[in-house]
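So you can see what is in the structure, the chains are spelled out below.
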Amino acid sequence: MSLDLKGKGINTRVTHAGKNPDTVHGSVGVPIYQTSTFKFRDADHGARCFSGEEKGYIYTRIGNPTINTFEEAVTELEQGFGGIATASGMAAVCAIYMTYLSAGSHMVGTDAVYGSSRMVMENEFSRFGVESSFVDTADLDQVRNAMRPDTTLLFIETPANPTIKLTDIAACAKIAHEHGAVLVVDNTFMSPVLQNPLKLGADVSLHSITKYINGHTDVVGGVLITRTEDEFVRLKSVINSTGGTMDPHQSWLVLRGMRTLSLRVERGEQNAQKLAEYLEAHPRIEWVRYPGLKSHPQHDLAKQQMLGFGSMISFEVKGGVEAGKTILNNVKIPQLAVSLGGYESLIQHPASMTHHNIPKDKRLAADITDGLVRFAVGTEDLADLQADLEQALALI
Ligand code: LCS
């Protein structure tokens, strides 16, 4: 019998969520069902599985026990109706666009979303007659003004990548629903441990699993968790038929990584808070953005809608781009690489890396300045990270 997780704390849920499909051997680890297809008992059984009269696995693009265990587990963490695992975070983003937009419809999105989430809309979906407005969703008036009668999707990322600006999820749910639109929240930066958008009224929570949920910088993946059965059925139908699904081995790795999610998040956050305070007080730093700092313009919103402040910091060094490069080239512990949410610290330059594909005028309008450095804080010892930053800052 599986453990009843109702009312249990986040650490217990991270550890035990998701039913083990092995009812034969009693394995504690979840088996990898590395198969593309499943055998029917007879022709009638096959027909019943296809018609939905009987539950049963058919074909791995449509469902697989290892993938389903991961989907169940992450749904438990987000407290949603159902989860759908995807091949990558971008496959999840595109599934949202394909499901909620049609020729002649319009979406409103956060201007500082992950670069490709914006560019795939402006460069590719626009070819199919879909319109979009990317605005500063931290400012609710900009959201309200951007909504149109044909707006069917409000897509926000909070905290936003890489400006660490926050968007009020509950307020956006209200605005979206008043316009008959759905609210989708990219919850990647917080993970289900630190923010639960569905509880705040969002219709779908989205993650690039590549980041905190997997946490080991060795798998690319995504997931969508819905608040209601209706949204689950709509999205599942689009994803199953368009094929951006996860595979069983990928799901197994991600499930394994996820079992330490709350420990990693807690440690990363402790380090990030101290490092943000250290950087803010440093004479060679121009500014620091971290939701746990009192100087963050939305520190109160962070305390209200988040369960912690996360481990993503953005900062700018005095001396702009060249001084920023000195930091990137001289820190020894954070590796100079894109991505985030792994156990190890990573550092990168959004203007020339993750957000290079956004035209400069749009990038600057979204406050992604040329000197902005993004620091994904890992689980190393705080003293070592701080000493490393100190020696790099001394070179400026
Ligand atoms: N959403 C957010 C907030 C992201 O940061 C990313 C990737 C995605 C979606 C897409 O997920 P993927 O397909 O890569 O799994 N962000 C990256 C970043 O900041 N550096 O490298 C990738």
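In this report, we go over the structure that sits alongside the text.

What counts, and where the lines are drawn
Residues numbered from 1 in each chain as written. Predicted model: local features only at pLDDT ≥ 70, side-chain atom pairs only at ≥ 80, totals over all residues. Heavy atoms only, no water. Near = heavy atom within 4 Å. Polar contact = N/O pair within 3.5 Å; in protein donor to acceptor, adjacent residues only side chain to side chain. Nonpolar A, V, L, I, M, F, W, Y, C, P; charged D, E, K, R; others polar. Domains from an automatic or database assignment. Pairing = 2+ DSSP bridges. Helix = DSSP H or I, 4+ residues; strand = E, 2+ residues; numbered from the N terminus. Axes fitted to C-alpha atoms, helices over the stretch in contact; angles between N-to-C directions. Salt bridge = Lys/Arg side-chain N within 4 Å of Asp/Glu carboxyl O. Buried < 20%, exposed > 50% of the residue type's maximum accessible area, 1.4 Å probe, protein only. Parallel < 35°, antiparallel > 145°, perpendicular 65-115°, else oblique. Left-handed = near helix turned anticlockwise from the far one by under 90°. Contact = heavy atoms within 4.5 Å. Core = buried A, V, L, I, M, F, W, Y, C linked by side-chain atoms within 4.5 Å.

Among the 18 residues in the neighbourhood of the ligand, the closest are listed as Met-90, Asp-186, Ser-208, Thr-210 and Arg-374. Contact distances for the ligand include 2.9 Å between an oxygen atom and a backbone N or O atom of Gly-89. The contact in question runs from an oxygen atom of the ligand to an N or O atom on the side chain of Thr-210, over 2.6 Å. Broken down by class, the residue content of the shell around the ligand amounts to five nonpolar, nine polar and four charged. When residues of the shell around the ligand are sorted by domain, at least three fall in each of domain 1 (10-258) and domain 2 (261-393).

Glancing now at the sheet that holds strand S5 (residues 182-186). What the seven strands build is an open sheet, ordered S1-S7-S6-S5-S4-S2-S3; its pairing is mixed. Looking at strand neighbours, the two that pair on one side only are strand S1 (82-86) and strand S3 (131-135), the edges of this open sheet. Taken over all neighbouring pairs, the strand axes of this sheet differ in orientation by 20 degrees on average, direction set aside. As defined by bridge partners, strand S4 (residues 151-157) adjoins S5 across five bridges and the pair is classed as parallel.

Following the criterion strictly, the structure yields 17 salt bridges and no others. Between Glu-54 and Arg-41 there is a salt bridge, and its shortest N-O distance comes to 3.1 Å. Of the two residues, Glu-54 is situated in the loop between helix H2 (43-51) and helix H3 (65-78) and Arg-41 in the loop between helix H1 (10-16) and H2; the sequence distance between them amounts to 13 residues. Here Glu-122 makes a salt bridge to Arg-118, at a shortest N to O gap of 3.3 Å. Note that Glu-122 and Arg-118 are positioned in helix H5 (residues 115-124) at a spacing of four residues, about one turn of the helix. Neither residue differs from the other here; Glu-122 and Arg-118 are each classed as buried. Within the structure, one salt-bridge network assembled from shared partners comprises Arg-41, Arg-48 and Glu-54.

With that settled, the discussion passes to the packing of helix H13 (residues 320-330) against helix H15 (residues 382-393). Packing of H13 against H15 brings their axes to within 9 Å, and their N-to-C directions diverge by 135 degrees. Classified by the interaxial angle, the pair formed by H13 and H15 is oblique. For the pair H13 and H15, the sense of crossing is right-handed. On H15, the residues touching Thr-326, Ile-327 and Asn-330 of H13 are Asp-388, Gln-391, Ala-392 and Leu-393. A class-by-class count of the residues in the contact of H13 with H15 yields three nonpolar, three polar and one charged.

Secondary-structure assignment places Leu-261 in helix H11 (residues 261-281). On the basis of relative accessibility, which here comes to 0%, the residue Leu-261 falls in the buried class. Excluding its chain neighbours within four sequence positions, the residues that come into contact with Leu-261 are Val-14, Leu-77, Ser-191, Pro-192, Val-193, Tyr-212 and Ile-213.

Membership of the largest hydrophobic core comes to 62 residues, with the highest contact counts inside it found for Phe-70, Leu-279, Ile-313 and Phe-315. It is H11 that provides the largest number of residues to this core, a total of seven residues. With residues up to four places along the chain from it excluded, the contact list for Phe-315 reads Leu-279, Ile-285, Trp-287, Val-288, Ile-327, Ile-347, Gly-371, Leu-372, Val-373 and Phe-375. Core analysis: the next-biggest nonpolar cluster, separate from the first, contains 26 residues, Ala-92, Ala-95, Met-107 and Leu-235 among them.

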